Amino acid sequence: MSVVGFDVGNENCVIGVAKQRGIDVILNDESNRETPAVVSFGEKQRFIGSAGAASATMNPKSTISQVKRLIGRKYREPAVQKDLKLLPFATSEGPDGGILIHLQYMNEKQSFSPVQIMAMLFAHLKQIAEKNLETDVSDCVIGIPSYFTDLHRRAYLYAAEIAGLKPLRLMHDGTATALGYGIYKTDFSAGGPTNVVFVDVGHCDTQVVVASFEPGHMKILSHAFDSDLGGRDFDEVLFRHFAANFKEQYNIDVYSNARASKRLRAACEKLKKVLSANPEAPLNIECLMDEKDVKGFIKREDFERLSSDLLEKITIPCRKALHDSGLTADRIHTLELVGSGSRIPAMGRILNSVFRKEPGRTINASECVARGCALQCAMLSPIFRVREYEVQDSFPFSIGFASVEGPVCTLSNGILFPKGHSFPSMKVLTLQRSSSFHLEAFYTNQNELPPGVSDKISKSTLFTFLFGLLPITHPLKEKFSHDGFFNISEKIGPFHIPHSEKAKIKVKIQLNLHGIVTVESACLIKDQTSHSTSENNVDTHAENMEVSTREASGVMHGTDDSYSAHSSGDDTRKSKAVKRQDIPVSESVDGGMTLMELSQAQEKECQLAEQDIKVERTKDKKNTLEAYVYETRNKLLNTYRSFATDSEREGISSNLKQTEEWLYEDGDDESEHVYAEKLEDLKKMVDPVDHRYKEEEARAQATHNLLNSIVEHRMAAGSLPASEKETVINECHKAEQWLREKSHQQEALPRNADPVLWSSEIKRKTEAFEVMCKHVMRHKSSPQKTEDGSGSDHRSKRDDGMDVD
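Residues numbered from 1 in each chain as written. Predicted model: local features only at pLDDT ≥ 70, side-chain atom pairs only at ≥ 80, totals over all residues. Heavy atoms only, no water.

Visitor: What's the story with the overall build of the chain in this structure? I'm lost.
Guide: When its secondary structure is counted, the chain shows 18 helices and 32 strands. A sequence separation of at least 24 residues applies to 70% of the contacts in the chain between residues at least 6 apart. Accessible surface for the chain amounts to roughly 40400 Å². Of this, 48% is attributable to carbon and sulfur atoms. (Helix = DSSP H or I, 4+ residues; strand = E, 2+ residues; numbered from the N terminus. Contact = heavy atoms within 4.5 Å. Areas by Shrake-Rupley, 256 points an atom, 1.4 Å probe, with all protein chains shown as cover.)

As structure tokens, this is what we get:
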């Protein structure tokens, strides 16, 4: 097993892996460190990664890219609609309000969700890692933007499960970058924390993290972001500029042609990189549209002027992160700039104006997230030993819980997990209820979320009615058991809460390592008084609760399963034993997948993967047949020429020509079985000729081996007694005579005739000859030992009770 970290970007993916000597980045099949985040659907198979990117220009409407912008989003979100206008593939709104992607595949119209497309990417990255490491890959840590909501995070977990991965953690990109930066640093001051700002300008977003480092410890002070500002927006500035120029100069509208738009955007991205190192750059595209070649030119200062609004927008999350951290610019020690969109020179000047520091570029801008995720995976996995290093992350949103009575929190603002709260974290609510009730999780501050994102998270139902008294076959129990909310057993109930009184319900709510909030468990608390003295009055408010927190940086702590409570009366102290009884909890996630939907997606992915394998096997078999045709034709003219008769040569040549014509006409698209049959038929004709050719060389080698053996045994016979020597010499003579006669017979035949002397026959003769000679020599060597006294030595030693080898 191995542990890996995945950075699935909007444009490219990077795979980090933990090895004994540290963290490394895996190369894909094209020996590149970055793999395009692209899935393209051909007529009969998918092309993922580099192969998908190569198909994008020729097949834009069936090529899915930038899926990171779509996963976990609602179709009607304004930001989603803006993105979809730039993407060439067809989409629609799904039954749950999500996004459906439509395309043509296997001669059918098919629809996929962004989760399914992301699962295809994960499966491809998993395959690359397993091929590179030559071992199974399951445990992983996946980098995610800090602005991902609960639904985004769950969608990543769904996709990973479909792909056969087991994420140990969904880790914020900035936190992963900070971990990779801080764990290897040895020059942090012991006198106080070192504060570092990481600005990550990616392809589609900008994330800013303020981290505090001390020896053996790292704490994230704040996260800030702009989910709609990245390198692609600077590309779009160039795209609009040249699209307008080309319409005026060449009278072509690239917006009307998906392929032309794709090519121009790719050229603008390259142009932006050239301007990062040069003051000016040309743009040339052959046959962009309507068979017209286009040319353009731009200076860096003009590009910066066109991008001035974007550059100014980058300062907004920077100032917000600084404000939320509680620090001032003079308390920031270092500023690091990373991300694929961070190479624009003007960006450094803008950041310098905010933090009053020149940004450093000491971190690998494209690989830092994957490396940090791989390092975190090694820290969480039991198969690696990593030195102690504490990672304390903070959650970027405020989360509250509410029931029909209102917010379930004693705090005035109704927040259960405030923004900046460290996680994982567990909180325990104690509620007074007399019947089943709902708890709804939601984000309490819409302004903290990306624009247009819903504040709803999930809804949990806690069943405190006569559930335990229902028979096992009751439809309600069957429904919950089928949907997977919990397993039905006799341990649930029976219990009954009379409507006239309220029971104490203890609810555990967890904000886990992935940043997902769930109602982990609930139980009914029953107090049993040890004697009959009257108890204090119980608070009968509709909403009476306690909040207790069990939390630590990077560690989750639960509460005890049992405890004893004491209440005091007027003059008497009474001891109460507490019994706990689990309460069934069902969770409904707004926009989440059911177990049935997840199972169907896994089955669909398996079918698609099997189809890809089938097509690849068919291609291999077709290529093998094609190569065999050309190879055999060449051999007939050279190596096989003297080993085939005229009729054989004519027959083979005719069949090779027919097969070649068939391959490029009717046989261009056949099944693996048909190609295999064609190859087998050809081999039946060619194999006799091939055997004669190979047999000549094998026969010469076998003859050489037999002659060498004859010479060796003839020489060895010189030390034998006369009778034994004569026996060995005779055997040598017989073998030599047999070989001479057979060789004469073979030499009398033409090379295109089947041999009368096969190499296998010579090998058998050699073996029989050697066995006979060795038998004679071994039989006669034993008396010789007795004559020189060795035999008497053996007997004397064995008589002394010693075994001699």
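The structure having been displayed, the exposition proceeds.
Visitor: How should a negative patch on the surface be read in this particular structure?
Guide: Residues Glu661, Glu665, Asp666 and Glu670 make up a contiguous surface patch of negative charge. Residue Glu665 is classed as exposed on the basis of its relative accessible area, which comes to 57%. (Patch = residues over 30% accessible without salt bridge, like charges linked within 9 Å, V, L, I, M, F, W, Y side chains within 5 Å. Salt bridge = Lys/Arg side-chain N within 4 Å of Asp/Glu carboxyl O. Lys, Arg positive; Asp, Glu negative; His and termini not counted. Charge placed at Lys NZ, Arg CZ, Asp CG, Glu CD. Buried < 20%, exposed > 50% of the residue type's maximum accessible area, 1.4 Å probe, protein only.)

Visitor: Quick question: what am I supposed to make of the sheet that holds strand β5 (residues 38-41) here?
Guide: Two orientations exist for strands paired in a sheet by backbone hydrogen bonds: parallel and antiparallel. Reading across from one edge, β6-β5-β7 is the order of the 3 strands in this open sheet, with antiparallel pairing throughout. If you trace the sheet from one side to the other, it starts and ends with β6 (46-48) and β7 (63-65), each paired once. Adjacent strand axes in the sheet meet at a mean angle of 15°, parallel and antiparallel pairs treated alike. In this structure, β5 lies alongside β6, joined through 3 bridges in antiparallel fashion. For Ser40, the partnering residue across the bridge sits in β6 and is Phe47. In the packing of helix α3 (residues 114-133) onto the sheet, contacts are made with β5, β6 and β7, and the angle to β5 comes to roughly 105°. (Pairing = 2+ DSSP bridges. Axes fitted to C-alpha atoms, helices over the stretch in contact; angles between N-to-C directions.)

Visitor: Would you mind showing me how to read the sheet that holds strand β10 (residues 108-112) here?
Guide: Here 3 strands make up an open sheet; going across it, the order is β8-β9-β10 and the pairing antiparallel. Each edge of the open sheet is held by one strand with a lone partner, namely β8 (90-93) and β10. Each strand axis lies, on average, 35° off the axis of its neighbour in the sheet, ignoring direction. Where β8 and strand β9 (residues 99-105) come together, 4 bridges link them in antiparallel fashion. Pairing of Ser92 across the sheet is with Leu100, part of β9. On top of the sheet, α3 reaches β9 and β10; it is set at about 90° to β10, its chief contact.

Visitor: Before we go on, may I ask you to explain the nonpolar core in this structure?
Guide: Inside soluble globular proteins, nonpolar side chains tend to come together where they are buried. Counting residues in each nonpolar core, the largest one holds 87 residues, and the members touching the most others are Phe122, Tyr156, Phe401 and Val507. A per-element tally of this core places α3 first, with 11 residues. Contact partners of Phe401, with chain neighbours within four places excluded, come to Pro407, Val408, Leu416, Leu439, Glu440, Ala441, Phe442, Ile509, Val517 and Val519. Membership of the second largest hydrophobic core comes to 49 residues, among which are Ala243, Ile314, Ile332 and Phe355. (Core = buried A, V, L, I, M, F, W, Y, C linked by side-chain atoms within 4.5 Å.)

Visitor: In this structure, what is going on with the packing of helix α13 (residues 595-637) against helix α15 (residues 672-716)? I would like to understand it.
Guide: In contact at an axis separation of 8 Å, α13 and α15 are set at 25° when each is read in the N-to-C sense. Considered as vectors, α13 and α15 are oriented roughly parallel to each other. Relative to α15, the crossing made by α13 is left-handed. Across the interface between the two elements, Arg617, Thr618, Lys621, Lys622, Thr624, Leu625, Tyr628, Val629 and Thr632 from α13 touch Glu672, Tyr675, Ala676, Lys678, Leu679, Leu682, Lys683 and Val686 from α15. When its residues are assigned to classes, the contact of α13 with α15 shows 8 nonpolar, 3 polar and 6 charged. (Parallel < 35°, antiparallel > 145°, perpendicular 65-115°, else oblique. Left-handed = near helix turned anticlockwise from the far one by under 90°. Nonpolar A, V, L, I, M, F, W, Y, C, P; charged D, E, K, R; others polar.)

Visitor: Looking at this structure, how should I read the packing of aromatic side chains?
Guide: Where two aromatic rings form a pair, the distance of their centres and the angle of their planes describe that pair. Evaluation of the coordinates by the stated rule reveals 22 aromatic pairs. Ring plane angle 50° and centroid distance 5.4 Å describe the contact between Tyr147 and Phe225, whose orientation is recorded as tilted. Taken together, the residues span a long stretch of sequence, with Tyr147 in the loop between β11 (137-144) and α4 (150-162) and Phe225 in strand β15 (residues 217-226) at a distance of 78 residues. Each member of the pair, Tyr147 together with Phe225, is buried. Aromatic pair Phe395 and Phe423: ring centres 5.6 Å apart, planes at 80°, arrangement edge-to-face. (Phe/Tyr/Trp six-rings, centres within 6.5 Å; stacked < 30°, edge-to-face > 60°.)

Visitor: Got a minute to help me understand the packing of helix α5 (residues 173-182) against helix α11 (residues 368-380) in this structure?
Guide: To characterise two packed helices, one gives the angle between the axes of the helices and the distance between these axes. Contact geometry of α5 with α11 gives a least axis separation of 7 Å together with a crossing angle of 75°. As judged from the angle between their axes, α5 and α11 are roughly perpendicular. From α5, Asp173, Ala176, Thr177, Leu179 and Gly180 reach across to α11, where they touch Cys368, Val369, Gly372, Cys373, Leu375, Gln376 and Met379. Considering only residue class, the contact of α5 with α11 consists of 7 nonpolar, 4 polar and 1 charged.

Visitor: So what exactly am I meant to see when it comes to the pattern of salt bridges here?
Guide: Side chains that differ in sign of charge can pair as their charged atoms come close. The final tally for this structure, using the stated rule, is 32 salt bridges. One salt bridge connects Arg46 with Glu605, and the closest N-O pair in it is separated by 3.2 Å. Of the two residues, Arg46 is situated in strand β6 and Glu605 in helix α13; the sequence distance between them amounts to 559 residues. Across the pair, Glu605 and Arg46 agree in class, each one buried. Of the charged contacts, one joins Arg46 and Asp612 as a salt bridge, the two residues approaching to 2.8 Å between their closest N and O atoms.

Visitor: How should helix α7 (residues 258-277) be read in this particular structure?
Guide: Because the α-helix completes a turn every 3.6 residues, residues three or four places apart line up on one side. The end-to-end C-alpha distance of α7 is 30 Å, a good match for the 28 Å that 20 residues give at a rise of 1.5 Å each. Among the residues of α7, Ala260, Ser261, Leu264, Ala267, Cys268, Glu269, Leu271, Lys272 and Leu275 are the ones counted as buried. Buried positions along α7 lie against α6 (231-249), β16 (280-289), β17 (292-299) and α8 (300-306). Its side-chain oxygen at 3.0 Å from the backbone nitrogen of Arg259, Asn257 defines the N-terminal cap of α7. (Expected span 1.5 Å × (residues − 1). Polar contact = N/O pair within 3.5 Å; in protein donor to acceptor, adjacent residues only side chain to side chain.)

Visitor: Quick question: what am I supposed to make of a positive patch on the surface here?
Guide: Side chains of Lys270, Lys273, Arg343 and Arg361 sit close together on the surface and give a patch of like positive charge. Tracing the backbone through its elements, the reader meets Arg361 in the loop between α10 (345-355) and α11.

Visitor: I'm lost on unusual backbone geometry in this one. Help?
Guide: Excluding glycine, most residues fall at negative phi; most peptide bonds, likewise, are trans. Going from Phe423 to Pro424, the amide bond is cis rather than trans, its omega being 10°. As for its position among the elements, Pro424 is in the loop between β22 (422-423) and β23 (425-433). Although it is not a glycine, Asp290 sits at a positive phi angle of roughly 55°. Structurally, Asp290 is set in the loop between β16 and β17.

Visitor: For this particular structure, what's the right way to read the pairing of strand β3 (residues 22-25)?
Guide: Within a regular strand, side chains alternate between the sheet's two faces. Where strand β2 (residues 12-19) and β3 come together, 4 bridges link them in antiparallel fashion. Residue pairing in the sheet places Ala18 in a bridge with Ile23 of β3. Following β2, the chain reverses through 2 residues before pairing antiparallel with β3.

Visitor: Explanation requested: the pairing of strand β19 (residues 390-394) in the structure shown.
Guide: Judged by how many residues are buried, β19 sits mostly within the fold: 4 of 5 residues are covered. Taken together, the 3 bridges between β15 and β19 define a ladder with parallel strand orientation. In the sheet register, Lys219 faces β19, and the bridge partner there is Gln392. The pairing of β19 with β22 spans 2 bridges and is antiparallel. Directly across from Ser394, in β22, lies its bridge partner Ser422.

Visitor: When you look at helix α16 (residues 722-747) in this model, what are you seeing that I'm missing?
Guide: Taking 1.5 Å per residue as the helical rise, α16 with its 26 residues ought to reach 38 Å, and the 37 Å between its terminal C-alpha atoms agrees with that figure. Listed as buried for α16 are Glu724, Val728, Glu731, Cys732, Ala735, Trp738, Leu739, Ser743 and Gln746.

Visitor: Even after reading the chapter, I still don't get the side chain of Lys68, so can you show me in this structure?
Guide: Position of Lys68 relative to the elements: it lies in the loop between β7 and α2 (78-84). Asp173 is the oppositely charged side chain nearest to the buried, salt-bridge-free Lys68, at an N-O distance of 4.2 Å. Polar contacts involving the side chain of Lys68 include one to the main-chain carbonyl oxygen of Val8, which spans 3.3 Å. Not counting chain neighbours up to four residues away, the residues in contact with Lys68 comprise Val8, Gly9, Asn10, Met118, Pro145, Phe148, Tyr156 and Asp173.

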